[in-house]
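For reference, the chains in residue letters:
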Amino acid sequence: MRSFLGVLFALMLYISCSVEDRERAALEVGQEFTDSDVRVITIDTFTVELSTFKFDSINSSSSGRLLVGRYIDSLFGTVSSQPYFELSTTNYSLPDDAELDSIALILGYDRYFYNDTIRLSQINVHQILEDLEPEEGFFYNTSTLKFDSIPVTSRNYFPEPVDEDSLHISIPTAFGQEIFDLIQENEINEDDELRELFKGFTLVPGKNEDASIIGFSRNMENSYLRFFYSIPEEFDEEEGTFDLFINQNIGVPRAFNNIESDVSETVLSQLTDQEINLKSTESDNVSYIQSGIGFATRIVFPTIRGIGEIPGNGTVLSAVLQLTPPQNSFDDMLPIRDSLNVTIVDRNNVITETLANGNGDVFAVTNQNDIEFNEIFYEIQLGIYVDRKLAESPIIQDALVLFPNNFNDSVNRILINGENTEDSEAKLIITYAIYED
């Protein structure tokens, strides 16, 4: 026998639905309903609890991108990225009579950028002092290596990731002369021998910079350390080049991005452990997402099982979660992503699976129709997940988690309105069919 509170809850849900939904004519919803009167109602009064947590670390050595730069965000603190990479080549050979003329580090833009590229940026090229060999098989966004405090060179520049192919950084000839000579003399013939003399570079942004973070390619066709040389001839000189590429070794990562944010002056400073959840009601009624750093939005539906208290037998026809980024929280310099990954985590915020349905992986997708009016919201089809939560016994303390693609090689950030935001709160909309036996 249903409790009084259960019936009261059911009546509240029923009353909250529109008259049009409550009075829909009998429908046929599958074979089991053919002899039953069916009412279809839409319910959008479920509690949707949002919170923010931070992954302890993210694998940044599997990325195909070098991220370098620094900018200041009033909500996400000071965000910076510093790449480390080793250099090698496929052919350690130079002509015996070649003479070194100049050296340049060529960094190919990969078209990624975040924040204000109009502002002056700085890259300081430092020599790494220890081997790029991860202890656990990977480097993470939190990983660092020792490097010479005195830069090999520095370059101030205005990033042009869309209009230009690459950035040219002149390297002092004296720095690479020994490398050039030893390769020419066949003293360096393989990666291990080069590594003994030269571990690689790290690119450090300006200390007080407030500009942008720029993506550069790791592909050998786009980024390399180039030695320009000439060969004296009787009447002229022959010119040539010799390149060291970012090491493409698949087995052992030889490049990674150290991505950091100083959130000491923000509400996010509370997130010192992956198991800590910062409720949106305690963070200005928004939740936070940021790639590279590791902030993600966690979502639970604590009242969802109350749907079973509605009188009659019922089934979920559809379930859609709508999430709205606050207006003015994104723009051309700080764009949001068109879609977000949807995964499931356990009570300790460890990912257990990617949410999927019969059509494949489930994503949070923006409504493209209203973007021009800045009325953007994400929609997530959650029918499979809602069915699972209604049927599970015992109840599992899991949650949905949202974060963008390229979570390990970008710094895009997104805000999501919490459940108490007026007119644009997080909302779970369930279409429910009720029928009689």
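Residues numbered from 1 in each chain as written. Predicted model: local features only at pLDDT ≥ 70, side-chain atom pairs only at ≥ 80, totals over all residues. Heavy atoms only, no water.

Visitor: Looking at this structure, I do not really get the nonpolar core. What am I missing?
Guide: One broad trend across soluble globular proteins is that nonpolar side chains are buried collectively. Counting 47 residues, the largest nonpolar core has F301, L323, L382, L428 and I430 as the members making the most contacts within it. Excluding residues that lie within four positions of it along the chain, L382 makes contacts with F301, A319, L321, L355, L400 and L428. Membership of the second largest hydrophobic core comes to 37 residues, among which are L100, V125, L194 and I231. (Core = buried A, V, L, I, M, F, W, Y, C linked by side-chain atoms within 4.5 Å. Buried < 20%, exposed > 50% of the residue type's maximum accessible area, 1.4 Å probe, protein only. Contact = heavy atoms within 4.5 Å.)

Visitor: Is there a simple way to think about the pairing of strand 11 (residues 212-217) in this case?
Guide: It is a general feature of regular strands that their side chains alternate between the two faces of the sheet. Among the six residues of strand 11, six are classified as buried, and the element is accordingly described as predominantly covered. Here strand 3 (residues 65-73) runs beside strand 11; their pairing, made up of five bridges, is antiparallel. In the sheet register, R65 faces strand 11, and the bridge partner there is S217. Summarising the sheet, strand 6 (residues 99-115) and strand 11 pair through four bridges and their orientation is antiparallel. Directly across from Y114, in strand 11, lies its bridge partner I213. (Helix = DSSP H or I, 4+ residues; strand = E, 2+ residues; numbered from the N terminus. Pairing = 2+ DSSP bridges.)

Visitor: What exactly am I supposed to notice about the pairing of strand 16 (residues 286-290) here?
Guide: Buried residues dominate strand 16, accounting for five of its five residues. Both faces of strand 16 are covered, namely the face carrying V286, Y288 and Q290 and the face carrying S287 and I289. Here strand 16 runs beside strand 26 (residues 413-417); their pairing, made up of five bridges, is antiparallel. Paired with Q290 across the bridge in strand 26 is R413.

Visitor: Is there a simple way to explain the side chain of S283 in this structure?
Guide: Take S283: it is sitting in the loop between strand 15 (278-279) and strand 16. When sequence neighbours within four positions are dropped, the list of residues in contact with S283 reads V267, L278 and Y288.

Visitor: Got a minute to help me understand the pattern of salt bridges in this structure?
Guide: A side chain of one charge can pair with a side chain of the opposite charge when the charged atoms of the two come close. With the rule as written, the count across this model stands at 14 salt bridges. When the shortest N-O distance is used, the salt bridge between E86 and R254 registers 3.7 Å. Residue E86 is located in the loop between strand 4 (77-85) and strand 5 (87-88), and its partner R254 is located in the loop between strand 13 (237-246) and strand 14 (255-262); the two are separated by 168 residues in the primary sequence. For E86, a relative accessible area of 2% gives the class buried. Between R226 and D243 there is a salt bridge whose closest N-O contact spans 2.7 Å. Of the two residues, R226 sits in strand 12 (residues 224-232) while D243 sits in strand 13, which places them 17 residues apart along the sequence. By relative accessible area, R226 is classed as partly exposed at 22%. On the accessibility criterion, D243 (12% relative accessible area) is buried. Three or more residues joined by partner-sharing salt bridges are found here, namely E86, D192, R195 and R254. (Salt bridge = Lys/Arg side-chain N within 4 Å of Asp/Glu carboxyl O.)

Visitor: Help me understand helix 3 (residues 173-184) in this model?
Guide: Because the α-helix completes a turn every 3.6 residues, residues three or four places apart line up on one side. Under the 1.5 Å per step criterion, the end-to-end length of helix 3 is 15 Å for twelve residues, consistent within 8% with the ideal 16 Å. Of all the positions in helix 3, only G176, I179, F180, I183 and Q184 are classed as buried. Within helix 3, the buried residues cover an arc of 130° as seen down the axis, which keeps them to one side. Taken together, the buried residues of helix 3 touch strand 6, helix 4 (191-197), strand 12 and strand 13. (Expected span 1.5 Å × (residues − 1). Arc of directions from axis to C-beta.)

Visitor: Please clarify how unusual backbone geometry should be interpreted in this entry.
Guide: Residues apart from glycine generally show negative phi values, whereas peptide bonds are mostly found in trans. The step from S393 to P394 runs through a cis peptide bond, and the omega angle for that step is 0°. With respect to the secondary-structure elements, P394 resides in the loop between helix 5 (383-391) and strand 25 (399-403). Residue R111 is not a glycine yet carries a positive backbone phi of 80°. Locating R111 in the fold gives a position in strand 6.

Visitor: Teacher, can you tell me more about the environment of F377 here?
Guide: Tracing the backbone through its elements, the reader meets F377 in the loop between strand 23 (363-366) and strand 24 (378-381). When the C-alpha atoms of F377 and T324 are compared, they prove to be 4.3 Å apart, with 53 residues separating the residues in sequence. The residues touching F377, leaving out its near neighbours within four places in the chain, are Q322, L323, T324, P325, V365, T366 and N367.

Visitor: Would you explain the confidence of the model for the chain in this entry?
Guide: The predicted structure's coordinates, where accompanied by low pLDDT, should not be read in detail. The pLDDT averaged across the chain works out to 89; a share of 89% of its residues lies at or above 70. Scored below 50 in pLDDT, residues 1-34 makes 48 contacts in the model with residues more than four places away or belonging to other chains. (pLDDT = per-residue confidence, 0-100.)

Visitor: Explain a negative patch on the surface here, please?
Guide: On the surface, D96, D97, E99, D101, E233, D236, E237, E238 and E239 cluster together to form a negatively charged patch. Contributions of two or more residues to the negative patch are made by strand 6 and strand 13. The dominant element in the negative patch, judged by the number of residues it contributes, is strand 13, at three residues. By the element assignment, E99 lies in strand 6. (Patch = residues over 30% accessible without salt bridge, like charges linked within 9 Å, V, L, I, M, F, W, Y side chains within 5 Å. Areas by Shrake-Rupley, 256 points an atom, 1.4 Å probe, with all protein chains shown as cover. Lys, Arg positive; Asp, Glu negative; His and termini not counted. Charge placed at Lys NZ, Arg CZ, Asp CG, Glu CD.)

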